[in-house]
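# Summary of the model geometry
Chain by chain, the residues:
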Amino acid sequence: MALDLSMLNRFAVTFQKNDIMFCEHEPGDTCYLIQTGRIQIVKIMGDIEKIIDILYPGEILGEMAILEEAPRSATAIALDKVTALEFNRENFDVLMQGNPQIAFKLLKLFTKRIYDQKRRFMILTLDDVQARVADVFLMLAETQTNADPNKDERTFNTTIDDIAHWAGMTTDNCRQVLNHFASQRRIEIYPDKIVVKNINDFARFVSSKRKSKVE
Amino acid sequence: MPKAAAYKSNSIVYFKGDNNDKVFLLKSGKVSMKYNDIETGQEMYDLIQTGEFFGVKSALGKYPREETAVVLQDANMIVFTVPEFEQVVLNNTRIIMKMLKVFSNQLRRIHKQVQDVLSTDEQSDNSEAGLFGVGEYYLKSKRYAQALYAFRRYLTYYPSGAFAQQALLNIGAAERFVKSGGGQQAAAGASAAAPAPRQSEEEMSGAAQRFYNGVSLFSQQKYNDALAEFKAIITEGQDAEYVAKSLFEVGRCLYAVGELDKCIGHYTTMIQRYPKHPDIVEALFYVGSCYEKKGDAGKAMGFYKKILSMAPEDAPVSRKARKAIGALEGK
């Protein structure tokens with residue numbers, strides 16, 4: 001989808017690496033269309049900084065504050081030097097009316113975000129910590145579109161920190177669970193990756209825990 | 001072409017878990033969505049209104065249906081493929097905007113649910129405590145630039161809030177760390193803060209500390225104490241950054257204690273001596289307010305109008321000025 005955004009250059013803003021673009025709970029009335037650089041979306045939950053997403057050029061952020069006039073639901077931090085187009089409530093409507101393709105793209109983006117968030121929430125509804133960690137691997141496996149579905153073994157280039165984030169637990173607790181899985185030979189932990197020996201075994205394990213919760 | 005379809009009562013449009021990329025528009029009849037609440041697993045029902053689209057999310061997001069669509073009363077609908085649906089809504093941005101609002105609301109709800117599971121404290125309901133909490137987290141993680149951002153924002157929105165004093169203390173602490181090169185993000189922190197002249201650390205942190213102490217006193221409405229603090233910083237003249245900041249604060253103190261003439265005089269001198277002072281437009285607003293309080297509407301109006309010609313249209317101070325002008329004109 002090629003969009004000519006050159007006439008929108010008067011809305012351009014720049015952020016330096018590590019700058020906070022906006023902060024969770026802050027009232028906000030601007031949204032951004034990223035042109036260059038990456039942005040990390042995080043939420044502070046208790047003592048954990050949870051990485052919700054990493055956004056790339058072409059993506060939109062901050063639109064929820066505009067659509068609903070509610071405080072920011074997450075914090076946006078520039079991972080690189082970022083250039084973006086900044087819109088407020090008035091010119092956001094103008095942008096959407098004048099560029100229905102952008103509005104439609106945003107609609108699609110929302111469907112994906114809602115699905116992803118629900119999937120993440122499913123992990124957190126599990127009481128059993130082992131099941132939570134196993135479900136994180138299942139969630140990650142669902143996004144591996146190029147993996148061979150007939151193979152039981154899956155490789156994840158994910159850090160323990162990330163898995164702890166998704167599972168909503170501290171890194172130490174998460175490491176304990178992973179070590180336990182490793183001692184059962186269900187996974188192998190390497191410095192740069194984690195290999196799950198049988199993803200279907202994890203799927204059965206999680207589904208049994210989920211059923212027992214509903215009953 | 002979108003197709004018309006008729007469904008008998010008790011039939012199923014699609015089942016939960018189906019992979020189906022169609023979008024439906026209900027023209028007549030009754031359709032109910034049956035699904036399980038993601039938190040409790042409880043069975044839930046939502047009735048679709050006539051004229052409403054359904055099946056949009058899973059079709060656009062290309063994921064399995066999350067609910068079963070049951071026909072309760074003979075129904076007529078129009079069935080769209082995703083490209084057909086796209087065509088229709090691209091010509092009617094209003095529909096997209098409406099859906100965006102609904103989806104945005106759902107997303108916020110699920111964010112909230114995630115948050116509620118992860119944190120048992122009550123911060124999630126309270127933006128004020130939440131914003132302060134974010135600052136605390138970054139301060140603890142030694143990410144001072146981020147901490148400074150959060151605390152400064154806190155003070156912008158809640159200058160006399162419950163955590164204002166602690167936020168001030170934390171800003172002082174974070175600034176000292178940034179200036180001494182501590183923390184992971186020292187470089188970014190320094191660029192985010194106003195450029196400070198090079199002086200020894202001791203002197204800078206002293207002036208900063210006094211300045212924030214002054215701001216704290218001000219927020220406690222101890223204006224005369226605050227005034228003394230700011231004046232002392234100016235007299236010492238150790239740190240140009242805080243001298244400039246204090247000059248502005250002195251005016252605010254004078255305004256707060258009702259010394260209108262002194263306030264006007266102070267800001268007039270400040271504007272003449274520092275025509276590039278970062279708070280100059282705010283200062284003009286105070287001067288305008290002083291004249292208004294003194295009953296000189298004409299002069300007040302002149303200052304408010306001057307603000308509009310200097311500040312960007314959407315700056316908070318412009319909004320305040322417009323409001324003040326509106327109020328004066330209404331009289």
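Description of the structure in this document. Along each chain, residues carry numbers from 1 onward, in the same order as the chain's sequence is written. Going through the entries in the order they are written, you letter the chains from A and number the ligands from 1. Since the coordinates come from a predicted model, pLDDT governs what is reported: local features require at least 70, and pairs of side-chain atoms require 80 or more to be given and counted, while whole-chain, interface and lining totals use all residues.

## Quick word on the pairing of strand 3 (residues 22-36) of chain B
Residues and elements named next belong to chain B. We treat two strands as partners when DSSP finds at least two bridges between them. Per the convention used, a helix needs a DSSP run of H or I reaching at least four residues, while a strand needs a run of E reaching at least two, with both numbered from the N terminus. Pairing geometry for strand 3 and strand 6 (residues 68-81), over eleven bridges, is antiparallel. Bridge pairing in strand 6 places Met33 opposite Ala69. As paired elements, strand 3 and strand 5 (residues 53-54) share two bridges and run antiparallel to each other. Bridge pairing links Phe24 to Phe54 in strand 5. As defined by bridge partners, strand 3 adjoins strand 4 (residues 43-48) across six bridges and the pair is classed as antiparallel. Opposite Val31, over in strand 4, you have Ile48 as the bridge partner. Taking the residues that link successive antiparallel strands as the turn, the strand 3-strand 4 hairpin has six residues, and the phi of Gly41 there is positive, at about 80°.

## Quick word on the sheet that holds strand 7 (residues 75-78) of chain A
All names here are of chain A. With antiparallel pairing, the four strands of this open sheet are ordered in space as 2-7-4-5. Edge positions in the open sheet fall to strand 2 (20-22) and strand 5 (48-55), since each of these has one partner strand only. Going across the sheet, the axis of each strand differs from the next one's by a mean of 35°, ignoring polarity. Only the stretch in contact is used when a helix axis is fitted, and all axes are lines through C-alpha atoms; the angle between N-to-C directions ranges over 0 to 180 degrees.

## Re the sheet that holds strand 8 (residues 82-88) of chain A
Residue and element names in this part refer to chain A. One open sheet accounts for four strands, arranged 1-8-3-6; its pairing is antiparallel. Unpaired on one side and paired on the other, strand 1 (12-15) and strand 6 (60-61) mark the two borders of the sheet. Of the strand pairs in this sheet, strand 3 (residues 30-36) and strand 6 are connected by two bridges, and their pairing is antiparallel. Bridge pairing in strand 6 links Leu33 to Ile60.

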